[in-house]
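Below are the chains, spelled out letter by letter.
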Amino acid sequence: MAYYGKCIETVIKLLDQFKPEKDSPEQFLEAAATSLQTLSPQEQAFIMEVLSGCLEYRKLLSIVVDAFYVRDGRLCLWADYSLFEVICYLATFQLEELGFQLFCSIVKSQPVHKVRKFLGFLFNPLNLGSWIKDEWSLIYETTHVKEQWIDPLMRWQPEVQELLNQLQGPLTNQPPLPKTKAKVTEPKEFNLTAPRPRAIPVPEPVPVVAKTRPVPRSTYQPPKEQRLLETTKRYNRRKAEELLLRASVEEMRCARPRPQGEPPVEDSKEKLRLRFPPRILKAPKLTFYRPNDDSPVKLNTAAILREGALYQRQVERELQRLDKLMDGAGDLSEFLKWQRKTRAKDLEEQLATGECRRLQGKLSREEAVLARRQVVQEKKQKADQKKEETAELMQQCAERRLQEERSMKELVEQVMETQKNVKVAQTKLLKGRRQMVQEVIEESRELLQHSAEAAKEEQRRRCELIAQLRALETQPTRKGKLVDLTQIPGYGLDGEMSVVELRERLALLKETQRCKEEEKRDQIIQGKRAKSRVLQNTVEQISLCRAAMGRSAALRWEEKKAQSAAAGAPSRDERVLELQRRIQEKAAERRGQEALLHVPAPRAARPKQQAQLEAQRRLELEQSRERRLRALQRGGSARGPARCLGAV
């Protein structure tokens, strides 16, 4: 009884040392066999057989033991986990080989109350027939589990119940343990050194903060530049409007129209005037396009100079043109009239091509709808074919799965037959590996001896070096050296001087450098002021030119709108009519397919909305024609004032 108890304790210790995350079962069994060489062969065989069986069926045993801790063993210690695994293995796999008497002796050699509670849980018919059988069937075949493990446990259940009744008797007849008086711990006071009194720290000097400057008043006031720009803008606008009214009222005095080829006539100032009386025209209403905000635009120096040069070139170009007119250059009215006609023809051609593109897009849309429906029908046919193919493939997969299940059953039977001869091969493998382990141990022992001798020699050499270094540190050294800053070193170099003289010369050099910087700063400030004056004059000229160009741009915009409105009438090009006819045919074909497929057609627009759109379009055409007539009437008179404004 004691013999088996010691063997079971050894198995429990080895199982506690096994870690499945790090150790492999084969290597662990080899290491355990080497540690059991001091025992007898019979003990070694019993311990190795039980240990290898517990490792092999670890999943089955852990299912039962974990459930025991959850249900009946809540008060049991987790340190007894390996004990319950060994008892479960012996009862499930080794009870037939050991015999019931030997199993009883092994059980009685262990703590009675723990073993009795676990055996009662394991041999409970309800547990064996329900969840234990189901959990084990998830790992092994159901028929194998029932025939090899569950049925034998059910047959041994009556004998095990008698054993549990026998174990219940010693528990009830066991006398209570005598109560011994516990020894009370008496605390002792610590022998601590009294702390020194803390020194009073020296107060830190209070830092002197520099006085901050007050916030300037200009922060809360609008800038002067914005007010100056607004006043300048109003003044320039008023002046430009006066010039425009004066130029539109007075007659043209800068040129005289003459037929082409006639030489210029030099006459007095009265002959240069036109022969028809002056006409009083109403000043046209100008439209200026400005952004919503009135904030000034800040330009850099390069932008201001670049824009000023641009306007200066434009003014020079306009003055040259006026000089040519004064000298009697030809009139460009016929050329401009021809140019307008050609531009109108080009615009009509562009509108016709644009309409053709729009109708081509509409035609391509109709063709795309028809092609899309044809593709949908082809896809439906392909989907039906695909479904038939998938049904055939599913049937073939089912037949193949049945064949695989039959082959797997045959393979399981072959594996069960081969497992019977595993133990003989394991014993042979263990003997060979034991010899290899002994050889490795001897070699490692020799290597350890050599390394220990080398470490001793290295330690002795280090001690000698440390002693030499400490001897060198104990030798006295000379510290400190007196320095005279007023003395010259006396190396014999050119320009040799003392430190004090060097400091004085550096101070003088800094002073001269500061004076030069002040002079240069004054020169830079004067240059900046002159440059700012030039820029201010350029900005004033730019503002005047911008105002004049804005008015001329507004006039040109009105003329362009009138021309575009007049050219917006619908054209009757042959290409457009042909495309409209083809679109109507494709739309009729699509509606026919929709009627066949019972697809609801898109809802047409309401006639009332169409009538409103037609009336609005007719009104816009009339307004554009009126604007075009007005622009043509005042074209000759407005061209002269606009050029005068450009010269300003």
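Before reading further, recall that the structure is shown in the block above.
In this text the structure is predicted, and so the values were computed from the model without any measurement. Within every chain, residues take consecutive numbers counted from 1 along the sequence as written. At least 70 in pLDDT is required for a residue's local features to be given in this predicted model, at least 80 for side-chain atom pairs to be given and counted, and no such filter applies to totals for whole chains, interfaces and linings, which use all residues. Heavy atoms throughout the structure, all of them, feed into the side-chain values; hydrogens and water do not.

**Quick notes on the overall build of the protein chain**
No. 1: A run of H or I in DSSP counts as a helix once it spans at least four residues, and a run of E counts as a strand once it spans at least two, with each numbered from the N terminus. For the protein chain, the helix and strand inventory stands at 19 helices and zero strands.
No. 2: The 648 residues of the protein chain split such that 21% are buried.
No. 3: Of all intrachain contacts in the protein chain linking residues separated by at least 6 positions in sequence, the fraction that spans at least 24 positions is 76%.
No. 4: Each accessible area value is a Shrake-Rupley result obtained with a 1.4 Å probe; residue values ignore everything except the protein chains displayed when judging cover. Accessible surface, the protein chain as shown: approximately 52600 Å² in total, 55% of it carbon and sulfur. Type-normalised accessible area, obtained with a 1.4 Å probe on protein chains alone, sets the label of each residue: buried when under 20%, exposed when over 50%, and partly exposed for intermediate values. Residue contacts are defined here by distance: any two heavy atoms, one from each residue, within 4.5 Å place the two residues in contact.

**Structural notes on helix α13 (residues 301-326)**
No. 1: Here α13 contains 26 residues, and its C-alpha end-to-end distance of 38 Å stays within 8% of the 38 Å for a straight helix at 1.5 Å per residue.
No. 2: Among the residues making up α13, those that are buried are Ala 303, Ile 304, Glu 307, Gly 308, Tyr 311, Val 315 and Glu 318.
No. 3: Downstream of α13 by a residue or two, Gly 328 has a phi angle that is positive, lying close to 100 degrees. Here the expected span of a helix is defined as 1.5 Å times the quantity of residues minus one.

**A closer look at a nonpolar patch on the surface**
No. 1: There is a patch of nonpolar side chains on the surface, built from Val 483, Leu 485, Val 499 and Val 500 and spanning about 300 Å² of accessible area.
No. 2: Note that Leu 485 resides in the loop between α15 (422-473) and α16 (499-566).
No. 3: Accessibility expressed as a relative area gives 35% for Leu 485, which makes it partly exposed. Each patch is built from residues that are more than 30% exposed by relative accessible area and take part in no salt bridge. Like charges join if they lie within 9 Å; nonpolar side chains (Val, Leu, Ile, Met, Phe, Trp, Tyr) join within 5 Å. When a carboxyl oxygen of Asp or Glu is within 4 Å of a side-chain nitrogen of Lys or Arg, the pair counts as a salt bridge.

**Comments concerning the pattern of salt bridges**
No. 1: This structure, assessed with the given rule, holds 18 salt bridges.
No. 2: Between Arg 546 and Glu 307 there is a salt bridge, with its nearest N and O atoms 2.8 Å apart. Residue Arg 546 is found in helix α16, and its partner Glu 307 is found in helix α13; the two are separated by 239 residues along the sequence.
No. 3: When its relative accessible area of 16% is taken as the criterion, Glu 307 is described as buried.
No. 4: The network of salt bridges with common partners includes Glu 457, Arg 460 and Glu 464.

**Considerations on the side chain of Arg 551**
No. 1: On the secondary structure map, Arg 551 appears in helix α16.
No. 2: Side-chain polar atoms of Arg 551 contact the backbone oxygen of Arg 237, separated by 3.3 Å. Polar contacts, as used here, are pairs of N or O atoms within 3.5 Å; protein pairs need one atom able to donate a hydrogen and one able to accept it. Residues neighboring in sequence count only if both atoms are side-chain atoms.

**Some remarks on the packing of helix α4 (residues 58-71) against helix α5 (residues 81-93)**
Between two packed helices, both the angle of their axes relative to each other and the distance between the axes serve to describe the pair.
No. 1: As a packed pair, α4 and α5 sit with axes 9 Å apart at the nearest point and diverge in direction by 120 degrees. In terms of orientation, α4 and α5 fall into the oblique class. Note that α4 runs across α5; the crossing there is right-handed. Contact residues: α4 offers Arg 58, Leu 60, Leu 61, Ser 62, Val 64, Val 65, Asp 66, Phe 68 and Tyr 69, while α5 offers Tyr 81, Phe 84, Glu 85, Cys 88, Tyr 89 and Phe 93.
No. 2: Only Asp, Glu, Lys and Arg are considered charged, only Ala, Val, Leu, Ile, Met, Phe, Trp, Tyr, Cys and Pro nonpolar, and every remaining residue, Gly among them, polar. A breakdown of the residues in the contact of α4 with α5 according to their chemical character gives 11 nonpolar, one polar and three charged. Only C-alpha atoms enter the line fits that serve as axes; for helices the fit covers just the stretch in contact. Angles between N-to-C directions range over 0 to 180 degrees. Here is the rule for angles: anything less than 35 degrees is roughly parallel, anything more than 145 is roughly antiparallel, 65 through 115 is roughly perpendicular, and the remaining ranges are oblique. Two helices that cross are described as forming a left-handed crossing if the nearer one is turned anticlockwise from the farther one by less than a right angle, and a right-handed crossing if clockwise.

**Notes on the side chain of Glu 85**
No. 1: Turning to its location among the elements, Glu 85 is positioned in helix α5.
No. 2: When residues no more than four places from it in sequence are discounted, the contact partners of Glu 85 are Leu 15, Cys 54, Arg 58, Leu 61 and Val 65.

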